[in-house]
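# Residue-level structure breakdown
So you can see what is in the structure, the chains are spelled out below.
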Amino acid sequence: MSVESKKTREACCSKLKLFLASLAFVYFAKAFGGAYMKSSITQIERRFDIPSSLIGVIDGSFEMGNLLVIAFVSYFGAKLHRPRLIGIGCVIMAFGSFIISLPHFLQDLYKYETSVTHSIDANSTETILPCLTNHSMTDTDETLDLEPKAVGSSMWIYVFVGNMLRGIGETPIMPLGVSYLDDFSKEENTPFYLACINTVGILGPMFGYMLGSFLAKIYVDVGFVDLESVSINYKDSRWVGAWWLGFIATGTVALLSSIPFFFLPRSLPKQGEEHIHNHIELSSLAEQDNFLADEQEQEEEKEKQVSIREMAKEFVPSLKRLFRNSIYTLMILTYLVVVNGFIGLITFKPKFLEQTYGQSASKATFLIGVLNLPAVALGIITGGYVLKRFKLGVIGAARVAITTTVTSFCLLAVQVFLHCDNAEVAGLTVSYQGDSHVSYNQQTLLSQCNAGCSCSMKHWDPVCSQNGMTYVSPCLAGCQTSTGVGRNMEFHNCTCVGEMITPGMNMSTVLGQCTRSSNCDRMFKIYMALSVVGSFISACGGTPGYIVLLRSIQSDLKALALGMQTLIVRTLGGIPPPIYFGVLIDRTCLKWGTKQCGGRGACRLYDANTFRVTYLGLINGFYFLSNILWVFLYFKIVKRHKKLALRNQAKENGLEGKGEANGRASISISITKGKDDTDKESTI
């Protein structure tokens, strides 16, 4: 019998470990897909020629999907087969990823905007005359390829719908997975298990961003076009990488992660209490299985029907009980503020690095993946280890969380003052004579040096001169002739370049924007160092903050509380930020691209200084407010802890009192005073 009991105990432990490993892999899969989506924002924006505000709506569709089902999944799912619901969610998540990649196969080949025709024939003797060819383009550049673009312009809807399905599928993972783990593991092991899961999960964003960086260097129509005919490279703001390929990969990983959950049981014995369940099983379950199978199935069906009705009736009262918990409500408000800042930060960080420090989209996503995210992973596991090593309670966890929050905010505030000068683009950020330029309009692109060329002012086809000045197009640089083919094309006798150099110097330009100064590279390294340290410190407070949330909730409301937290935070903290951050960032645009059909496309160049102040200023505002809320929360927790300690002490004094009547009165008074608080808030 002892051997049988030992085997059963080992089986229960192995199932809990299997669930732990499976949940960690699902966290990896969902984070892998989510990070790849973030890393592909710039590529999707360019592919569909849409502004940042619309990209914000697409990015927010993930949270919209969560909003549709999170309340029902969290409440009813906690009463049903939680592992199986997680598995179904993973399948839906994979299906959504496959839908996102669908436009690539339905849309025409990508055609980037250009002001000249780029020959790919190396033996061609044709010489392109940029200044002269635009005479014939001025009136026709708005009507080129109207049909193909009109068809492809609405294809972003597939990305919107697919991302929404990803949000629906991801819904059960956190509330049901964490509550299942917390229900069946030892209380002292929960922080360490959560830290392990989140650490494995953070590998997902690392791989997601690295995959995004790799695919950003591969041309979107690879395998369908001759790459020699492509005259731009991955550093160009018109370049679109193979964004669609990554969603096929992330969908496949999500599909594989669903498999183990269909083989896990509905419930497990509490870790450390397996012997109790073993005794029950050995004494009674065998006979029940042999003789009462049919009756048991019928009874289970009746109980299931009754329980669903009861669950529906208890939903509103449970919500009232939950939100009477003042600590829980304040935690939700704090998370809401933090997530608003974090979502804006992570969504547009690659664009920020690209515009402020002159990094390519590929390099920006790569650096986030290999520097920031490992720091976050190390921070999460460190925070969990500190809690377990020093056996910190709720107050200790709150102290760790508030310390890390304040420190990371200080490092973030310093980043506002690190910046490079705007890229020198004639007619946009500086005048053609090199003077600083502050008020841009269409006419500032024209100058005496290109007045005779009748150039189109809508195209973005930048060229770089040896003096470090970028011109919007070869025509606006006043270039008269050209040599070379494809990406190696050079333009000569550029009259606007001649105004900026000493006589005898080269008046030629090459395709692409000029690189930033060496001083900008130094500032970028300082920024990344502060960013990495700040990411580590901020992540150290992640697990302690989560433990404060878990320990402030009554056990029967845990799944509902986590679900409502996800619902509220993702509704108000996940959907709006990408939209209003995108709108504000669009206001800093200096040069908009032009669609093939003539409409306004994606932004090609931003005012870097205004972008930096808007972006980092708003993020710092949110994090400053979150620090204030954490201070209030900490004092609230301490006050509640003292109240519970006094109540317990009053009970002990009452039981040990001299008179039985006085003891009873003391107990009655102490219980009466604490009864309402006990109903409202869980014991911390």
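Residues numbered from 1 in each chain as written. Predicted model: local features only at pLDDT ≥ 70, side-chain atom pairs only at ≥ 80, totals over all residues. Heavy atoms only, no water.

This part is about the nonpolar core. Within the largest apolar cluster, 104 residues are counted, with the highest numbers of intra-cluster contacts made by Y357, Y546 and Y615. Sorting elements by how many residues they give to this core places helix α14 (residues 326-357) first, with 15 residues. Residues in contact with Y615, not counting those within four places in the same chain, are G344, L345, F348, K349, F352 and F581. Counting 29 residues, the second-largest nonpolar core is a separate cluster that includes C475, L511, L590 and L605. (Core = buried A, V, L, I, M, F, W, Y, C linked by side-chain atoms within 4.5 Å. Buried < 20%, exposed > 50% of the residue type's maximum accessible area, 1.4 Å probe, protein only. Helix = DSSP H or I, 4+ residues; strand = E, 2+ residues; numbered from the N terminus. Contact = heavy atoms within 4.5 Å.)

For strand β7 (residues 600-606), the tally of buried residues reaches 6 of 7 residues, placing the bulk of the element in the interior. Bridging between strand β6 (residues 589-594) and β7 involves 4 bridges; their strand directions are antiparallel. Bridge assignment links K591 to a residue of β7, and that residue is L605. (Pairing = 2+ DSSP bridges.)

Turning to a nonpolar patch on the surface, a few remarks are in order. On the surface, F25, I88, V91, F98, L255, L256, I259, F262 and F263 cluster together into a nonpolar patch covering about 810 Å² of accessible area. Listing elements by their share of the nonpolar patch, those giving two or more residues are α4 (82-101) and α11 (243-257). Broken down by element, the nonpolar patch gets its largest block of residues, 3 residues, from α4. Inspection of the secondary structure assignment puts F25 in helix α1 (residues 2-39). A relative accessible area of 32% means that F25 is categorised as partly exposed. (Patch = residues over 30% accessible without salt bridge, like charges linked within 9 Å, V, L, I, M, F, W, Y side chains within 5 Å. Areas by Shrake-Rupley, 256 points an atom, 1.4 Å probe, with all protein chains shown as cover. Salt bridge = Lys/Arg side-chain N within 4 Å of Asp/Glu carboxyl O.)

The next subject is the packing of aromatic side chains. Inspection of the entire model under this criterion finds 26 aromatic pairs. Ring geometry for F19 and F261: centres 6.0 Å apart, planes at 90°, overall edge-to-face. Placement of the pair is F19 in helix α1 and F261 in the loop between α11 and α12 (274-291), with a sequence separation of 242 residues. On the basis of relative accessibility, which here comes to 0%, the residue F261 falls in the buried class. Within the aromatic cluster, the residues linked to one another by ring pairs are F352, Y357, F524, Y527, Y580, F581, Y606, F611, Y615 and F622. Here the basic side chain of K30 rests over the ring of Y27, its NZ or CZ set 4.7 Å away from the ring centre. The residue whose ring lies beneath K217 is Y234, and the NZ or CZ to ring-centre distance is 5.3 Å. (Phe/Tyr/Trp six-rings, centres within 6.5 Å; stacked < 30°, edge-to-face > 60°. Lys NZ or Arg CZ within 6 Å of the ring centre and 35° of its normal.)

Taken as a whole and judged by the stated rule, the model has 6 disulfides. Each disulfide pairs two cysteine sulfurs, and for C449 the partner residue is C496, the sulfurs being separated by 1.9 Å. Disulfide C449-C496: the torsion about the S-S bond is 90°, which places it as right-handed. Residue C449 is found in the loop between α16 (394-415) and β1 (463-465), and its partner C496 is found in helix α17 (residues 495-498); the two are separated by 47 residues along the sequence. Two residues, C464 and C514, share a disulfide whose sulfurs are 1.9 Å apart. What sets the handedness of the C464 and C514 disulfide is the S-S torsion sign, and at about 110° it is right-handed. Of this pair, C464 sits in strand β1 while C514 sits in the loop between β5 (509-511) and α18 (518-540); the two residues are 50 residues apart in sequence, bridging distant segments of the chain. The pair formed by C464 and C514 is uniform in burial state, with each residue classed as buried. (Disulfide = S-S within 2.5 Å.)

That's the geometry; what it means functionally is another story.
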